[in-house]
Structures are given as structure tokens and as C-alpha cells.
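Letter by letter, the chains look like this.
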Amino acid sequence: MDVNIEASWKNILHTEFSKSYFENIVAFLKTEKAQGKIIYPPGSLIFNAFNKTPFDKLKIVLLGQDPYHGKGQAMGLSFSVPKGVRPPPSLINIFKELYDDVGVPISSSGDLTSWAEQGVLLLNAALTVRANEPNSHSKIGWDQFTDAVIKKISEEKEGIVFLLWGAFAHQKQELIDQNKHHVLKAAHPSPYSADKGFFGCRHFSKANEFLVKQKQAPINWKID
């Protein structure tokens, strides 16, 4: 199956695209659209995380669960919303921790594209969602695909920083070779759990410290 995705990722993931589970995902999405269902993000942005962060530029993986399900919010980057869209509560809490940790001013924009372009893969475990129905596509096969992505990164790269926030993301730790990579875990930034270990985690400065130790350029966390 020919998938419109950035070339380095296409090379790494080409075997996944020919597997039956991936064909089932495509068939499911086509059926939903034929039934008039609204799906987020739009088709051109489903693989936005990969297109903005080529495999050879990868430094950090920030794992989310599934796309925002409100109109105009999802843009194919975990936790990110387009410019002009009000940042959701979890993202506001991310900005609060970012300010407390590294002094980045709290932004009115929730567009994290600048992070992605510096090597932060903003990966959701599910890449699509039905409008106004959170986790509605979490069982259609996306988890198999994104688990394969994490495994490929673990196997073929070294020194990647994985930011795992919340119990769901913590489960992905078993896919990562911690002898080769650095895993940082915290509570989810949701208002329901941010004060249970997300606030004060200092993951932004810790991730940069790890990159610098590897003689890599740190991430400029400022929101454009």
C-alpha cells in the first residue's frame, strides 16, 4: 500500500503498510467516511507527526493517547492545536510546567510545530478519532501500528528520550530498550492528574540535559 508519509519513515515502516491490520485501518476509515462520519484530523494531517519529524532528525518521543475530538483541534501532533485554537487544559498545564522548569513564557498559541521540527516526535497512539467521541478509533489497529513505530525507534536508534506521561503511556515502556534510550515518566498533564506528579517533573530540562550529554543540540522549547 502506498502511504503518503515522509521518505525516511516510509523506508523504516514500509513493511507495516502491507500488513493486513493496516489495510483494515484504511478500510475502516473509508467506511466511516462513506457513512458520513466526521474524522479528525483531516486526512492530510494523519501522518503529520512523521512528516514534521523525519526519522533521521529524531531526538525525543512525546507520546499521547489519541487526537483531540473537537472541531478544528486535531492537527496530527500529540497535545498540539493549530494557531488560533484555544489550548486545551492538558496543554495549558504543559505550559505551566514548561515555565516553572525552563522559564518559557506561557503561550497563547498551542501549536507545537516548532518542537516537531527540532526532532520531537509528537506521536499519538491512535492517529484518528471520530468527532466528539474520544478513543473511538483506539481499537481499530492504530495501536499495533504505533507500537511498531516505537519498537522500530528503539531498535534502530540510540539515545532517544521518551517522555511518557500518564498510565497509558507508561505501558509503552516495555517496548523500549532502556539500555539504549532514556525514559522519563510522570503523571498525565490532565487537570485530573497534573498535581499527582506532572507538575515538578522537570522533563523539559532533563531531556535537554540528556541531549547535551550526547553532544546533541538541546530543544528550544519556546512556542512560536
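Everything discussed here concerns the structure shown above.
None of these values were measured; they are calculated from a predicted model.

Let's talk about the side chain of Lys59
So, step 1. Relative to the helices and strands, Lys59 resides in the loop between α3 (48-52) and β2 (60-64).
So, step 2. Buried and unpaired, Lys59 has no salt bridge, with Asp56 as the nearest side chain of opposite charge at 12 Å.
So, step 3. Ignoring sequence-local partners within four residues, the contact set of Lys59 consists of Gln118, Gly119, Gly159, Ile160, Val161, Leu211, Gln216, Ala217 and Ile219.

Regarding the sheet that holds β2
So, step 1. Read across the sheet, four strands follow the order β3-β2-β5-β6 without closing on themselves; strand pairing throughout is parallel. Two strands close off the open sheet at either side, each with one partner strand: β3 (120-124) and β6 (182-186). Pairwise comparison of adjacent strand axes, ignoring direction, gives a mean angle of 20 degrees for this sheet.
So, step 2. The pairing of β2 with β3 spans five bridges and is classified as parallel. Residue pairing in the sheet places Leu63 in a bridge with Leu123 of β3.

With respect to helix α1 (residues 7-17)
So, step 1. Burial in α1 covers these residues: Ser8, Trp9, Ile12, Leu13, Glu16 and Phe17. When α1 is viewed along its axis, its buried side chains cluster within an angular range of 150 degrees and face the same direction. Exposed residues on α1 whose side chains face more than 90 degrees from its buried face are Ala7 and Asn11.
So, step 2. Of the surrounding secondary structure, the elements contacted by the buried residues of α1 are α2 (20-34), α3, β3 and α6 (142-156).

Let's talk about the layout of surface pockets
So, step 1. Within this model, the largest pocket holds a volume of roughly 570 Å³.
So, step 2. Forming the walls of the largest pocket are 29 residues, and the residues nearest its centre are Gln65, Asp66, Tyr68, Ser90 and His188.
So, step 3. Broken down by secondary-structure element, the contributors of at least two residues to the lining of the largest pocket are β2, α4 (89-102) and α7 (167-170).
So, step 4. Of the residues forming the lining of the largest pocket, the biggest block, three residues, is contributed by α7.
So, step 5. When its residues are assigned to classes, the lining of the largest pocket shows 15 nonpolar, 13 polar and one charged.
So, step 6. The volume enclosed by the second largest pocket comes to roughly 390 Å³.
So, step 7. In this structure, the second largest pocket is lined by 17 residues; those nearest its centre are Val26, Leu29, Gly43, Ile46 and Phe47.
So, step 8. Residue composition of the lining of the second largest pocket, grouped by class: nine nonpolar, five polar and three charged.

The rules we used
Residues numbered from 1 in each chain as written. Predicted model: local features only at pLDDT ≥ 70, side-chain atom pairs only at ≥ 80, totals over all residues. Heavy atoms only, no water. Helix = DSSP H or I, 4+ residues; strand = E, 2+ residues; numbered from the N terminus. Buried < 20%, exposed > 50% of the residue type's maximum accessible area, 1.4 Å probe, protein only. Lys, Arg positive; Asp, Glu negative; His and termini not counted. Salt bridge = Lys/Arg side-chain N within 4 Å of Asp/Glu carboxyl O. Contact = heavy atoms within 4.5 Å. Pairing = 2+ DSSP bridges. Axes fitted to C-alpha atoms, helices over the stretch in contact; angles between N-to-C directions. Arc of directions from axis to C-beta. 1 Å grid on protein atoms, 1.4 Å probe; cavity = no way out; pocket = protein on both sides within 12 Å on 5 of 7 lines; lining within 4 Å. Points joined across faces, edges and corners; volume = space filled by probe spheres on them. Nonpolar A, V, L, I, M, F, W, Y, C, P; charged D, E, K, R; others polar.

Without other data, these values stay purely geometric and don't point to any function.
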